[in-house]
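# Report on the structure
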Amino acid sequence: MRSGNDLVLASDGPSQLGIGIPEDYYSPMTARLNVNIDHVATVRQARRAPEPSVVAAAMACEQAGAYGITIHLRGDRRHIQDLDLQVLRQSVATYLNVEMAATEEMLGIALHTKPDAVTLVAEKADEITTEGGLDVKANISIVRATVARIRQGGILASLFIDPDPLQIEVAREVGAQQVELCTAAYAETTLGARAIHGEGSVKASQELRRLRDGAALAKQYGLHVAAGHGLTYRNVGPVAAISEITEFNIGHNIVSRAIFVGLEGAVAEMRTAIRQGAICK
Ligand code: PXP
């Protein structure tokens, strides 16, 4: 059980405590929150206008205590643009995680701009959002080679995968330092009142168990464990209670909430939701 004092310390992100604090100063407490700001760019791209600025959004998230910023540079450039990555690399003072497909083009961009972390994801041309985790087993050669080059570039290599023991095993085998467990299937079970009763509640529990077991296995393999996709203020708590998960990447729900309470308020609310979930460990 954590002490109240721990939780107070955990609520202070790097923007308040200063960069250079060892990473494990945070990890035994509340999981870190990286805010995915893709959908700030989605609004901007709807008009090809200068506003809203992704840099201003990143600064607001950092001010509100986000641990870092996450962006997804998609092959079709539907939201984040190459220039956004360059400018964010220069302006994000905390931690910049870039999600991308394992292609030569993306690898070249990553090695040139040097984010703090690269998360390799599966990408389909016509998908609305990322659909499930990367099949590392089926793409083992390309993923192994890409991970090696990311690491040689001094960048943390993370793989976005389903909480499947085989994928976790192969993630370790190809040299990834971190896995981000895909929470989409769990999130799906929590929509509306589905998770509260009957079959919905059984499915939600099954998906949570998969995440719990996956996180434990990944940690046992010495991997850092992150999680994300489809997480909301309402469903993040039980996932935040999984102590092996030390990082969250959350976007759509925070940006949606920001329309009503502003980005700083929305980030603060998500940090509170994560912290409250962690208290239930
Ligand atoms: N993690 C990964 C790997 C993603 O692809 C996404 C969506 O871009 C997220 C986290 C964030 O998902 P959401 O926007 O549903 O919070």
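Before any of the text, the structure's been laid out above.
We now turn to the structure provided with this report. (Residues numbered from 1 in each chain as written. Predicted model: local features only at pLDDT ≥ 70, side-chain atom pairs only at ≥ 80, totals over all residues. Heavy atoms only, no water.)

## Some thoughts on unusual backbone geometry
Cis geometry marks the peptide bond from Glu51 to Pro52; its omega dihedral reads -5°. By secondary structure assignment, the location of Pro52 is in the loop between α3 (38-47) and α4 (54-63). Here the phi dihedral of Arg48 falls at roughly 50°; this positive angle occurs in a residue that is not glycine. With respect to the secondary-structure elements, Arg48 resides in the loop between α3 and α4. (Helix = DSSP H or I, 4+ residues; strand = E, 2+ residues; numbered from the N terminus.)

## What to know about helix α6 (residues 104-113)
The set of residues buried in α6 consists of Met106, Leu107, Ile109, Ala110 and Thr113. Seen end-on, α6 carries its buried residues on one side only, within an arc spanning 160°. Across from the buried face of α6, at angles greater than 90 degrees, the exposed residues are Glu104 and His112. One or two steps after α6, the chain reaches Lys114, where phi turns positive at roughly 55°. (Buried < 20%, exposed > 50% of the residue type's maximum accessible area, 1.4 Å probe, protein only. Arc of directions from axis to C-beta.)

## Focus: the site of the ligand
Close contacts around the ligand come from 14 residues, with Thr130, Glu180, Gly230, Gly251 and His252 the closest. Contacts to the ligand include Glu180, whose side-chain N or O atom sits 2.6 Å from a nitrogen atom. Contact distances for the ligand include 2.8 Å between an oxygen atom and a backbone N or O atom of Gly251. For the ligand, the protein covers 94% of the area, taking 390 Å² as the surface of the free molecule. Among the residues forming the shell around the ligand, the class breakdown is three nonpolar, eight polar and three charged. (Near = heavy atom within 4 Å. Polar contact = N/O pair within 3.5 Å; in protein donor to acceptor, adjacent residues only side chain to side chain. Areas by Shrake-Rupley, 256 points an atom, 1.4 Å probe, with all protein chains shown as cover. Nonpolar A, V, L, I, M, F, W, Y, C, P; charged D, E, K, R; others polar.)

## Re the sheet that holds strand β8 (residues 247-250)
Taken together, eight strands build a closed barrel; the order of strands is β1-β2-β3-β4-β5-β6-β7-β8 and the barrel is parallel. The mean angle between the axes of side-by-side strands here comes to 25°, regardless of whether they run parallel or antiparallel. Direction of pairing for strand β1 (residues 32-36) relative to strand β2 (residues 68-72): parallel, over a ladder of three bridges. Its bridge partner lying in β2, Asn34 is registered against Gly68. (Pairing = 2+ DSSP bridges. Axes fitted to C-alpha atoms, helices over the stretch in contact; angles between N-to-C directions.)

## Let's talk about the side chain of Thr190
Note on placement: Thr190 falls in the loop between α9 (184-189) and α10 (198-220). Overall, the relative accessible area of 17% leaves Thr190 in the buried class. At a separation of 2.7 Å, a polar atom in the side chain of Thr190 contacts the main-chain carbonyl oxygen of Ala187.

## Some remarks on the packing of helix α12 (residues 252-261) against helix α13 (residues 263-279)
Direction vectors running N to C along α12 and α13 enclose 130°, while the axes themselves pass 7 Å from each other. With respect to α13, the element α12 is oriented oblique. The crossing of α12 and α13 is right-handed. Of the residues in α13, those in contact with Asn253, Ile254, Arg257, Ala258 and Val261 of α12 are Leu263, Gly265, Ala266, Val267, Glu269 and Met270. Residue composition of the contact of α12 with α13, grouped by class: seven nonpolar, two polar and two charged. (Parallel < 35°, antiparallel > 145°, perpendicular 65-115°, else oblique. Left-handed = near helix turned anticlockwise from the far one by under 90°. Contact = heavy atoms within 4.5 Å.)

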